[in-house]
Structures are given as structure tokens and as C-alpha cells.
Amino acid sequence: PDDTRLRMMRHAKFSTPLSSVIILLLGLPFVVSARARSFFRGLTFCLIVTAAYYALQLAALEFGKLGRIDQVAAGWIAPATFGIGGLVLFFRMKS
């Protein structure tokens, strides 16, 4: 078996369960914000962000399979990128 592909899949196995927490951190500030003009606008934005997250994750995994990017990076690009953004938005959210 291809050891590099297995290495990428092992990292993806650990990073994929984090997606629900990351999506929550990204979407929550837009849906519950007092400044939000509309609940449905925030919900629509959340759906777009979710689609972008999964598109980036699938693209990174595919590039990792093809060997165009490092296999470890392929498993963690989407969670790291969107996770940092989600943490920043979450901690800037006013309660």
C-alpha cells in the first residue's frame, strides 16, 4: 500500500471530527449577534461558509492524494484555516 496516502488519511481521520466545532465557532457569531440585521441572512452566510469549508477540505485531500501538497498539510489545511478564523470571530463576539 501507498504509505503517503495512508499517512494523509490518518491525519484526515483526526481532523474531520473537528469540522462540526469549527463550523459552530464560525457560524455562531453571525446568527446570534445583536448587530445581525436578519437571522436568515446570518443563516445563509453560515451555509455558504460551511460549503466553502468542505470544498477546501475535499480539494486539499484530493491534492494530497495526487502528491501536489504534503499529506499532513492536506489533512489539516481546512481545519487550521477556518479554525483560526472561527476562534477570532468567537472571541470577538459580544454577549
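Residues numbered from 1 in each chain as written. Predicted model: local features only at pLDDT ≥ 70, side-chain atom pairs only at ≥ 80, totals over all residues. Heavy atoms only, no water.

(A) Structural view of the confidence of the model for the chain. The predicted model of the chain averages 86 in pLDDT, with 92% of residues at 70 or higher. Mean pLDDT per element in the chain: helix H1 (residues 3–15) is the minimum at 83, and helix H4 (residues 71–92) is the maximum at 91. (pLDDT = per-residue confidence, 0-100. Helix = DSSP H or I, 4+ residues; strand = E, 2+ residues; numbered from the N terminus.)

(B) Up close: helix H3 (residues 39–66). Helix length check: H3, at 28 residues, gives a terminal C-alpha distance of 41 Å against a target of 40 Å (1.5 Å per residue), a fit within 8%. Within H3, the full set of buried residues consists of Gly-42, Cys-46, Val-49, Tyr-53, Gln-57, Ala-60, Leu-61 and Gly-64. Tucked inside the fold, the buried residues of H3 contact H1, helix H2 (19–32) and H4. Trailing H3 by a residue or two, Gly-67 shows a phi angle of about 85°, which is positive. (Expected span 1.5 Å × (residues − 1). Buried < 20%, exposed > 50% of the residue type's maximum accessible area, 1.4 Å probe, protein only. Contact = heavy atoms within 4.5 Å.)

(C) Layout of a nonpolar patch on the surface. Taken together, the side chains of Phe-39, Phe-40, Leu-43 and Leu-47 present a nonpolar region at the surface, about 440 Å² in accessible area. Among the secondary structure elements, Phe-40 is positioned in helix H3. (Patch = residues over 30% accessible without salt bridge, like charges linked within 9 Å, V, L, I, M, F, W, Y side chains within 5 Å. Areas by Shrake-Rupley, 256 points an atom, 1.4 Å probe, with all protein chains shown as cover. Salt bridge = Lys/Arg side-chain N within 4 Å of Asp/Glu carboxyl O.)

(D) Spatial organisation of the environment of Pro-17. Note on placement: Pro-17 falls in the loop between H1 and H2. Its relative accessible area of 55% is what places Pro-17 among the exposed residues. Here the alpha-carbon distance between Pro-17 and Leu-6, two residues 11 residues apart in the chain, equals 18 Å.

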